[in-house]
Amino acid sequence: MPSPATANRRADRAALALSMLCAIGCTPEPSASTESPPPSVAAPAPAAPPLPIADAPPIDGVARTAPDAIDDGLHVVLLGTGTPVPSPRRSGPALAVIAAGRPYLVDFGPGVVRRAVEAQERGVVALDPTRLDFALATHLHSDHTAGLSDLLLTPAVVGRGRPLRLRGPTGLVAMADHIVAAYRTDLAVRRGERSEAQMAGYRVEARDIEAGLVHADGPLRIRAFDVPHGSFDAAFGYRFDDGRRRIVVSGDTGPSDAVVEACDGCDVLVHEVYCKAGFDRGGADFRKYHGSFHTSAPQLAALAVRARPKLLVLSHLLLFGCSERQLLDEVVAGYRGRVALGRDLDVF
Ligand SMILES: [Zn+2]
Ligand SMILES: [Zn+2]
């Protein structure tokens, strides 16, 4: 059993976590914690997985791809499987699809560059920070974009020689422009020390996009598709197809036929999910908010039956006080296909 001090710290963290998740139109409900139940609840808090979690045996029985087995085909590297709740085990939402050795980032939550370097140090050579020059945003929630200044500047500091190409929903160009303006003092000092060619890596070429074909490079096609994410005007999922493999990333979304159509037997579907048992413990406002912005484990199971991915990867794990095992069990109760509970640095 945790000591009273530990239990109090966990309760404080749970209240903080919930207040952050409920930042938009949602009254926090102390009994529906995202991390651990408050002391008044009899069930013990789920034990935190060890650090780094990618070194622990996966609880889902699905084999991960070894970094040295990454070939010219499509692969996905999870860089952040977390949520707005800050966690050292699960970084802010971000992943990289590696295509023919080139990295394409999807989202750039806090910690994205350091997780990329961690993956590089474990053998994912494509995630050398100087090669991070293309990134797609699913939507503009802060947990998915708070790493943008880092992605814009840090790889350039260590030698990226090309501009950062950014694609995402309307508002992304303005966000990038404002970050560049915010760092004008830093950029002016660096400009004074470097040649124009050396400053190329500090430039950003951002474009607000609509659903459709976003990028083509050789056989690779990247398509954006619209997904419903509460009151957002625009939120995207992305589909990567190189003619041999297809990887689909849901982004943050309620259950959506668009994901089913984009996957349609795809090799890997990375999908967000929340624990229904934890959700059910929340108050009316809490359930109204998360019910319109996100997908429950039973809803995801039903969706996966129709989408038929060869591998379903759970990410952006909204536990609401459940254990990771509970969340996984809720999915496999309704879906017999292969399901991996995603962890930072997993490769598929
Ligand atoms: Zn999110
Ligand atoms: Zn979101």
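Predicted model only: the values in this text are computed from it and were never measured. (Residues numbered from 1 in each chain as written. Chains lettered and ligands numbered in written order. Predicted model: local features only at pLDDT ≥ 70, side-chain atom pairs only at ≥ 80, totals over all residues.)

1. Quick look at the overall build of the protein chain
On a plain count of helices and strands, the protein chain comes out with eleven helices and 13 strands. Classification of the 348 residues of the protein chain by burial places 49% in the buried group. For the protein chain, the share of sequence-separated contacts (at least 6 apart) that also reach a separation of at least 24 residues comes to 68%. (Helix = DSSP H or I, 4+ residues; strand = E, 2+ residues; numbered from the N terminus. Buried ≥ 20, exposed ≤ 12 C-beta atoms within 10 Å, placed from the backbone. Contact = placed C-beta atoms within 7 Å.)

2. Some words on the environment of Arg343
Among the structural elements, Arg343 can be located in the segment after strand 13 (339–341). What makes Arg343 buried here is the crowd of 25 C-beta atoms within 10 Å. Considering only alpha carbons, one finds Arg343 and Leu317, 26 residues apart in sequence, at a separation of 9.8 Å.

3. Notes on the pairing of strand 2 (residues 94–99)
The side chains of a regular strand alternate between both faces of the sheet. Within strand 2, six of the six residues are buried, which leaves it mostly tucked inside the rest of the structure. The side-chain alternation of strand 2 yields two buried faces, one formed by Ala94, Ala96 and Ile98 and the other by Leu95, Val97 and Ala99. Note that strand 1 (residues 74–80) and strand 2 share six bridges and pair antiparallel. In the strand pairing of strand 2, Leu74 is matched with Ala99. Pairing of strand 2 with strand 3 (residues 102–106), which is carried by five bridges, proceeds in the antiparallel orientation. Following the sheet pairing, Ala99 is matched in strand 3 by Arg102. Counted between consecutive antiparallel strands, the loop separating strand 2 from strand 3 contains two residues, among which Ala100 sits at a positive phi close to 50°. (Pairing = 2+ DSSP bridges.)

4. Some details on the sheet that holds strand 7 (residues 212–217)
Taken in spatial order, the seven strands of this open sheet run 7-8-9-10-11-12-13, and their pairing is mixed. Bordering the open sheet on either side are strand 7 and strand 13, each of which pairs with just one other strand. Along the sheet, successive strands turn relative to each other by an average axial angle of 20°, direction set aside. Note: strand 9 (residues 236–241) against strand 10 (residues 246–249), four bridges, orientation antiparallel. Bridge pairing in strand 10 links Phe240 to Ile247. Helix 11 (residues 324–332) contacts strand 11 (268–274), strand 12 (311–318) and strand 13 of the sheet and is inclined by roughly 165° relative to strand 13. (Axes fitted to C-alpha atoms, helices over the stretch in contact; angles between N-to-C directions.)

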